[in-house]
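Breakdown of the fold
Below are the chains, spelled out letter by letter.
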Amino acid sequence: MANILVLFYSKTGNTAKMADLVREGIHEIPGHEVRLHPLADATADDIKWCDGLALGSPTHMGSIPWEMKKFWDEDLADIWGDIDGKIGCAFASMGGWGGGAEIACLQLQVVMQNFGFLTFGVTDYSGKQFTLHYGAVQAGEPREDREKESPRRLGRRLAEWCSVFVDGKSENHPCASGKKRFPWK
């Protein structure tokens, strides 16, 4: 059974709502232990515990907030090299469309990659013209179905990859799942 951590930093609550939706998506694939942690409550032991990590943050000036960077730079410095090979993905909120959330997702992935995580994007669409190629992104609070489906789909994909690579369940490979990947088709 894979251990999956949804770790997030949220200032206004929008990223926290996305984190909960990511957790919902993980639960669509049975057989995982899932923990949801705000960054303030997280420790290095949480990162050691997980096999898969969904990492989320708001966008701050087109980047990630210093609180998130500090956690990885300082709180996890002693375990660098010890957490190599985990699976990671990213999600981010922003104040308005065009606010840089995809850049924040890429930066979260770069941070994880520096610790040896295998990171991924998702080719699926959660609605017409609504993708999560670099991670789930949202302007403000997720309200519409496609906005809620995006983080759910990211969580489901993380659970699928953990199921395949950690638990050896090839039947849960995303391309074998039979799930509709493009809702308008």
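Treat the numbers as computed from the prediction; the structure is a model and nothing was measured.

Rules behind the numbers
- Residues numbered from 1 in each chain as written.
- Predicted model: local features only at pLDDT ≥ 70, side-chain atom pairs only at ≥ 80, totals over all residues.
- Heavy atoms only, no water.
- Helix = DSSP H or I, 4+ residues; strand = E, 2+ residues; numbered from the N terminus.
- Expected span 1.5 Å × (residues − 1).
- Buried < 20%, exposed > 50% of the residue type's maximum accessible area, 1.4 Å probe, protein only.
- Arc of directions from axis to C-beta.
- Contact = heavy atoms within 4.5 Å.
- Pairing = 2+ DSSP bridges.
- Phe/Tyr/Trp six-rings, centres within 6.5 Å; stacked < 30°, edge-to-face > 60°.

The terminal C-alpha atoms of helix α1 (residues 14-26) lie 19 Å apart, and with 13 residues this matches the ideal 18 Å at 1.5 Å per residue to within 8%. If you check which residues of α1 are buried, you get Asn14, Thr15, Met18, Ala19, Leu21, Val22, Gly25 and Ile26. One side of α1 holds all its buried residues, which, seen down the axis, span an arc of 165°. The secondary structure elements touched by the buried residues of α1 are β1 (2-8), β2 (32-38), β3 (52-58), β4 (87-94), β8 (136-139) and α5 (145-165).

A word on the pairing of β1. Across a regular strand the side chains alternate sides, sitting on one face of the sheet and then on the other. The buried count for β1 comes to 7 of 7 residues, which makes it a mostly enclosed element. Both faces of β1 are covered, namely the face carrying Ala2, Ile4, Val6 and Phe8 and the face carrying Asn3, Leu5 and Leu7. The pairing of β1 with β2 spans 7 bridges and is parallel. Across the sheet, the residue bridging to Leu7 is His37, located in β2.

On to the packing of aromatic side chains. The final tally for this structure, using the stated rule, is 5 aromatic pairs. Pairing Trp72 with Phe115 gives two aromatic rings, centres 5.0 Å apart and planes at 65°, and the pair type is edge-to-face. Of this pair, Trp72 sits in helix α3 (residues 66-75) while Phe115 is found in the loop between α4 (101-114) and β5 (118-119), placing the two residues 43 residues apart along the sequence. In this structure, Trp72 and Phe115 share a single accessibility class: buried.

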